[in-house]
Amino acid sequence: MGLPTPDTAHLRRPEYATVYEPAEDTYLLLDALESDRESLQALRPAVCVEIGSGSGCVSAFLGQVLGPHCALIISTDINPAANAATKETAARSAAHAVPFEQCRTRFVQGLDARLAGSVDVLVFNPPYVVTPTAEIDSTPEASAWAGGEHGREVLDQLLPQIPALLSPAGRFYLVVIEENKPEEIAQILAAHGLQGARVLSRRAGREHLSIYRFSRGCAE
Ligand SMILES: C[S@@+](CC[C@H](N)C(=O)[O-])C[C@H]1O[C@@H](n2cnc3c(N)ncnc32)[C@H](O)[C@@H]1O
């Protein structure tokens, strides 16, 4: 039987009006994590990090996937309402036994020195929609989806940091659409020693969504 999707009904409250509601991209990421359940548990991750946790649906789900196999899940977001929503989603979910920390920060700013070489599972569903550059971070809502040129401008700031964050067996799950040029993303990370593959894809309206998984070797 599949794991339950974390309850995010509290997002209807006005204080969460700017928080990204779980959508097809979110659910595709949940499916990818669930299908890797065995190998993720076998990894026995000490530290998992979700950047841009929004509602907290993915972080809470990761907590369910890993259960007692995980020591800590850190979720970051630049939107303080998202930090609060993530905290509430984690507390409501079946994963509440896993220690969760929320941090209001850009990517992992301020945490990077402590996290260096120790992130076992890194997850990012970035703002990936192709938009004018000026739309990026123009409002809290826009921060959730506005990705600038090729929908890559936010993600491209993070890519060079990823190899330094991951532990030797660490893996990185990323949501992309075709306009983001996923093969180019894979080349950039390959230049930093990370191999990647598309593990799941789905069409949702006009978007062709995919989940890529990167690691130093063949992650399985
Ligand atoms: C597409 S939403 C994904 C939300 C959630 N992870 C999900 O899958 O439903 C992107 C999230 O990233 C956050 N975000 C955008 N830029 C960020 C940055 N530089 N650092 C941290 N979070 C960021 C947004 O506020 C938003 O919550």
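This is a predicted model, so every value here is computed, not measured. (Residues numbered from 1 in each chain as written. Predicted model: local features only at pLDDT ≥ 70, side-chain atom pairs only at ≥ 80, totals over all residues. Heavy atoms only, no water.)

Caption draft 1: A look at the state of the cysteines. Considering all chains together, one arrives at zero disulfides under this definition. Here Cys48 is not cross-linked by a disulfide; its sulfur's nearest cysteine counterpart is in Cys70, at 3.8 Å. Since its relative accessible area comes to 0%, Cys48 is described here as buried. Residue Cys57 stays outside any disulfide, its sulfur separated by 16 Å from that of Cys48, the closest cysteine. By relative accessible area, which is 1% here, Cys57 ends up buried. (Disulfide = S-S within 2.5 Å. Buried < 20%, exposed > 50% of the residue type's maximum accessible area, 1.4 Å probe, protein only.)

Caption draft 2: Here's a closer look at the site of the ligand. Inspection of the region around the ligand gives 19 residues, with Thr26, Glu50, Gly52, Asp77 and Phe107 positioned closest. Contact between the ligand and Gly52: a nitrogen atom at 2.8 Å from a main-chain N or O atom of the residue. Within the complex, 99% of the 590 Å² of free accessible area of the ligand lies under protein. Mapped by element, the contributors of at least two residues to the shell around the ligand are strand 1 (47-51) and helix 6 (140-145). Residue composition of the shell around the ligand, grouped by class: eight nonpolar, eight polar and three charged. (Near = heavy atom within 4 Å. Polar contact = N/O pair within 3.5 Å; in protein donor to acceptor, adjacent residues only side chain to side chain. Areas by Shrake-Rupley, 256 points an atom, 1.4 Å probe, with all protein chains shown as cover. Helix = DSSP H or I, 4+ residues; strand = E, 2+ residues; numbered from the N terminus. Nonpolar A, V, L, I, M, F, W, Y, C, P; charged D, E, K, R; others polar.)

Caption draft 3: Spatial organisation of helix 4 (residues 80-92). End to end, helix 4 covers 19 Å across 13 residues, agreeing with the expected 18 Å (1.5 Å per residue, within 8%). Among all positions of helix 4, only Ala81, Ala82, Asn83, Ala85, Thr86, Thr89 and Ala90 are buried. Among the residues of helix 4, the N-terminal cap falls to Asn79, whose side-chain oxygen and the backbone nitrogen of Ala81 are separated by 3.0 Å. (Expected span 1.5 Å × (residues − 1).)

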